[in-house]
Amino acid sequence: MAILMDGKALSDQVKAAIQADVLKITETRKPKLAVVLVGDDPASQIYVQSKIKACQQVGIESVAKVFDADITQIELLVALKRLNQDTTVDGILVQLPLPKHLDEQEVMLNISPEKDVDGFHPLNVGRLHLRQATFVPATPKGIIALIKAYNIDLEGKDVLVIGRSNLVGRPIAQLLLNENATVTIAHSRTQDLKQLTKAADVIVAAAGVMHLIQPDTIKAGVVLIDVGIHRDSNGKLTGDVAPSCYEKASYYTPVPKGVGPMTIAMLLKNTMQAYQRQVKQHEV
Ligand code: GUN
């Protein structure tokens, strides 16, 4: 019987622990996350709302900075500078994707690395690759937390990551490597994906292709981590992994309530990390 990896339950545990930590804070100031949203993309609006709601649940303060889609690069950078300088703000998150006319890389570069709770600033990306302490991007961090919570051994295992995005594919490959997995990264130009999926002990599906993974292309006992989120023809949420694969797996993450809730829990964790660092700095 395949075991469902319950991201909702684990994220609730993580959030309860954070809530308890927030209650223990004796400083006058509570942790605070600033969420920047540009434009009115409906998916981004929902993500931002759930991030703010999660902050409220655990007692982390939050502020949403919402800008029109036609904001200029300079105006956005000025807003970020203010947040960088605001000593009551611990974490800053700019919801992606940004409208096409904005330079995403320059925006990331202008978030203070100490407040970069997404871990997208090039300095923090570099630190992750060098195995130095940093903010680990929330989705990959959540995947590793789930794998560890279910005591899944990664040592020497053949792990296939499908997708090479800056948000998920690349950072999760690094983290898996740190766990001594043998990591392969596949992507849209990979010539023989089936051969790779058939050989993998663990598959992290972050391709953004609905039901890319099918039961006839995986081996029995595989661990399936599904980062995809799509709506099927009935309007139901589903992932990159066809649910018919589950019975062949040893462990799998469902969609929804798998990786998704872990992402938000890890963002809260990173915000606490930013707060603790900032508070410590001001003690000295
Ligand atoms: N858009 C999709 N995922 C993310 C994320 O983890 N962080 C931000 N800032 N934007 C996203």
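Further up the page is the structure itself.
What you see is a predicted model, and the numbers here were worked out from it, not measured in a lab.

Conventions we followed
Residues numbered from 1 in each chain as written. Predicted model: local features only at pLDDT ≥ 70, side-chain atom pairs only at ≥ 80, totals over all residues. Heavy atoms only, no water. Pairing = 2+ DSSP bridges. Helix = DSSP H or I, 4+ residues; strand = E, 2+ residues; numbered from the N terminus. Axes fitted to C-alpha atoms, helices over the stretch in contact; angles between N-to-C directions. Near = heavy atom within 4 Å. Polar contact = N/O pair within 3.5 Å; in protein donor to acceptor, adjacent residues only side chain to side chain. Areas by Shrake-Rupley, 256 points an atom, 1.4 Å probe, with all protein chains shown as cover. Nonpolar A, V, L, I, M, F, W, Y, C, P; charged D, E, K, R; others polar. Contact = heavy atoms within 4.5 Å. Patch = residues over 30% accessible without salt bridge, like charges linked within 9 Å, V, L, I, M, F, W, Y side chains within 5 Å. Salt bridge = Lys/Arg side-chain N within 4 Å of Asp/Glu carboxyl O. Lys, Arg positive; Asp, Glu negative; His and termini not counted. Charge placed at Lys NZ, Arg CZ, Asp CG, Glu CD. Core = buried A, V, L, I, M, F, W, Y, C linked by side-chain atoms within 4.5 Å. Buried < 20%, exposed > 50% of the residue type's maximum accessible area, 1.4 Å probe, protein only.

## Looking at the sheet that holds strand β3 (residues 61-67)
With parallel pairing, three strands are arranged side by side in an open sheet as β3-β2-β4. Only two strands of the sheet have a single partner each, and these edge strands are β3 and β4 (91-94). Within this sheet the neighbouring strands show an average axis-to-axis angle of 15°, counted without direction. When strand β2 (residues 32-38) meets β3, the two strands line up parallel, connected through seven bridges. Bridge pairing in β3 links V36 to K65.

## Topic: the site of the ligand
If you check the shell around the ligand, you find K51, L93, V94, Q95, L96, D118, F120 and L167 and nothing else. A distance of 2.9 Å separates a nitrogen atom of the ligand from a polar backbone atom of L96. Protein burial of the ligand: of its 280 Å² of free accessible surface, 82% is covered by the chains. Of the residues contributing to the shell around the ligand, the split by class is five nonpolar, one polar and two charged.

## What about the sheet that holds strand β7 (residues 202-205)?
In space, the six strands of this open sheet follow the order β1-β11-β8-β7-β5-β6, with parallel pairing throughout. Both outer strands of the open sheet, β1 (3-4) and β6 (182-186), are each paired with one neighbouring strand and no more. The strands that helix α7 (residues 169-178) touches are β5 (158-162), β6 and β7; relative to β5, the one it contacts most, it runs at about 170°.

## Let's talk about a negative patch on the surface
A grouping of D40, D41, D68, D70 and E75 is seen on the molecular surface, where their side chains present a negatively charged patch. The residue E75 is located in helix α3 (residues 73-85) in this model.

## Points about the nonpolar core
I18, I60, I143, I172, L176, V204 and I225 are the most contacted members of the largest nonpolar core, which totals 50 residues. With eleven residues, helix α9 (residues 259-283) is the single largest residue contributor to this core. With residues near it in sequence (within four places) discarded, I60 still touches I18, V22, P31, K32, L33, C55, L268, T271 and M272. Among the nonpolar cores identified, the runner-up in size contains 18 residues, and V36, V94, L102 and I111 belong to it.

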